[in-house]
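Summary of the model geometry
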Amino acid sequence: LCVLLSLRRRTPGEPPLENGWLPFLGLALQFGVNPLEFLRKRQRQHGDIFTCRIAGKYIHFITDPFSYSAVARRGRHLDWNKFAYELSSKLFGHHSMDPDAGYTTENLHQTFLRTLQGEGLVGMSESMLENMQSVMLRDSDRSKPVLGAEQESPPEMARQRRCRADSAMQPSCAEDATHLLSNPNCVNLIKSDSRGQADRDNVDTPAYKNKGESVSSSSDIQITQHRSAQTDALIRPPQSKPSPLLGHQGLPTAWQQNGLYLFCYSIMFEASFMTMFGKELHQQNSPREHRANINSMQKNFKTFDSFFPALVAGLPIKLFYWAHSAREKLAKELKQEKLYERHNMSALIALRIHLNDTLSRMDDMGKARTHLALLWASLANTLPAAFWSLFYLLRSPEAMQAARKEIKEVVGDCQWKAGELLKFSEEQLNRLVILESVIKEAMRLSSASMNVRVVKEDFELSLDSNRGYRVRKGDDIALYPQLLHYDPDIFHDPLKFKHDRFLGDNGQEKTNFYKNGRKLKYYYMPFGSGITMCPGRFFAMIEMKQFLLLVMSLYDMELLDSEEVPPTLDQARVGLGILQPATDVPFRYRIKPTSRSV
Ligand code: HEM
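About the thresholds
- Residues numbered from 1 in each chain as written.
- Predicted model: local features only at pLDDT ≥ 70, side-chain atom pairs only at ≥ 80, totals over all residues.
- Heavy atoms only, no water.
- Helix = DSSP H or I, 4+ residues; strand = E, 2+ residues; numbered from the N terminus.
- Buried < 20%, exposed > 50% of the residue type's maximum accessible area, 1.4 Å probe, protein only.
- Contact = heavy atoms within 4.5 Å.
- Patch = residues over 30% accessible without salt bridge, like charges linked within 9 Å, V, L, I, M, F, W, Y side chains within 5 Å.
- Areas by Shrake-Rupley, 256 points an atom, 1.4 Å probe, with all protein chains shown as cover.
- Salt bridge = Lys/Arg side-chain N within 4 Å of Asp/Glu carboxyl O.
- Pairing = 2+ DSSP bridges.
- Core = buried A, V, L, I, M, F, W, Y, C linked by side-chain atoms within 4.5 Å.

1. Here we look at the side chain of Ser127
Mapped onto the elements of the fold, Ser127 is located in helix 7 (residues 118-140). Classification of Ser127 by relative accessible area gives buried; the value is 6%. For Ser127, the residues in contact, after removing those within four places along its chain, are Thr275 and Asn344.

Next comes the structure, spelled out in structure tokens:
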């Protein structure tokens, strides 16, 4: 009776309301089984907006894509941060990153904008390309040493020793950012004032093509990620002393079998981790130890990540021994004292270390957990997105042929010459529009994110239909883009993979999509929308193009079953972004004859 009495009643002017019968959970279980069908059914019943009680929250779902702009316009009444801050603290166990909570004055959003666009993005992209190749070439023959572990040129070794000495003399970056400044692999922090107001209107800056603009305009901090002498040495090893890896003749030629998801996961995990957090500065770890360490992190990441649906639903992590243990192990690896031992880290992490040390009151583990949150953000969607893109390419000969033709025209033969890694320019990557369409289409089919805003005060939300609905302070407003990604009015035959769906008649990116004859502003949202849109989206597109380019160049690959139907989407992760495949897909691969002399 108490439960019934505590349930909300719909008052005049409010959207249609469904409470559900379960205490606290409300409609959570029905929603969780198949959110798309759950929402479609209610859309048919109630129309463009309705309210559901889910896990203790009242959520107003907006189902009409023309009304998404109405939500975007109501920034003053909606808190886009609260949800993300609360969720992150709950999942990763750090204190709130909301400056109002008093644990830090860092403006996180500004940190992301400053480092994931412009020069920071260029540095990350270059680093990712090298790291992916080092992992792929090393993994092609596990007897070989890890690229980067044993290839310091003498002057570089001297510089690294100096850098180590510097860091030994400086107990904390809080006292001075010289440690980072002295390490040209990291960043130049010229002046920082992290409380600067974020330029929220910049979030829609077109990808990579406009890099730099939004960062430098109002920014009082400049960040540059330099290519290190060592990095250069990796790409152009001294002719007199061929590297142990590059210049090696005769990579294995036999077919190897693997699960496609596992294959993508391992490469992307290791390469992304090194790109974000750098490589070990002290080279005391043998390649075998490096591998063991990465494997253990990957295992812990997978374990922790597999508990995400339960944790997001509000269950405390202490209930899950394995999740808690995996999270703590990962966080320990990311403690700042350990990160000081790494070099060539991304501008993002270098800046975050500095700001953690100067502006945060969190303890060492708290700071480490904020890094873990970023590790998760950088991987959780990219890993399955890389899988789906490669899967659909392998499954569709037409797509593969079109992508190969484009690659040949834009990048050329993509063959490794002894002693050199492949490099792709920004301009070349931008011109790979077919590959981009493949990736976008793969993400359209597999994305199930939910964009949530918290209502800051009671107000009336006017939808596109011009009808207004009253919403209450503390409620959530949610957009569920899968409704639009699977809408047959917008995407003809929506369950079908069409590699050229995002290509216009002129062979360029297609941006005009219609519903009921009206052009849509919001038609594609795997990266979210508006001010909360993923700040890593430019990097994500670049790294996925690089990944596909490299695997298609290095390997012959085929699915074991050429009629393989796409694996079902793991619905447990609905709301979190790109869904993982419920089962892995067996495939086989071998080094291409043309790449065997790498
Ligand atoms: C947030 C998607 C890759 C960093 C988000 C959000 C989505 C998303 C949907 C939430 C947006 C919202 O709340 O409206 C994706 C997808 C990716 C991807 C689909 C790859 C396929 C990356 C990468 C990075 C990154 C590679 C970093 C290198 C972040 C961060 C946030 C975020 C830091 C939180 C932003 C904030 O709270 O202000 N991402 N993401 N993401 N993403 Fe990504």
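2. Some points on a nonpolar patch on the surface
A grouping of Leu22, Phe24, Leu25 and Leu29 is seen on the molecular surface, where their side chains present a nonpolar patch of about 360 Å² in accessible area. When you line up the elements, Leu29 lands in helix 2 (residues 28-33).

3. Quick notes on the pairing of strand 3 (residues 57-62)
Along a regular strand, successive side chains alternate from one face of the sheet to the other. The buried fraction of strand 3 amounts to five of the six residues, a majority that puts the element mostly inside the structure. Relative to strand 3, strand 2 (residues 49-54) is paired through six bridges, and the arrangement is antiparallel. Note on strand 3: the bridge partner recorded for Ile54 is Lys57. From the end of strand 2 to the start of strand 3, which pair antiparallel, there are two residues, and Ala55 there has a positive phi angle of about 45°. Alignment of strand 3 against strand 12 (residues 476-479), held across four bridges, turns out to be parallel. Paired with Ile62 across the two strands is Leu479, which belongs to strand 12.

4. Thoughts on the nonpolar core
Among the nonpolar cores identified, the biggest contains 157 residues, and Leu260, Phe263, Leu390 and Phe547 are the most heavily contacted of them. In this view, Phe263 contacts Asn258, Leu390, Val551, Tyr555, Met557, Phe587 and Tyr589; residues no more than four positions away in its chain are not counted.

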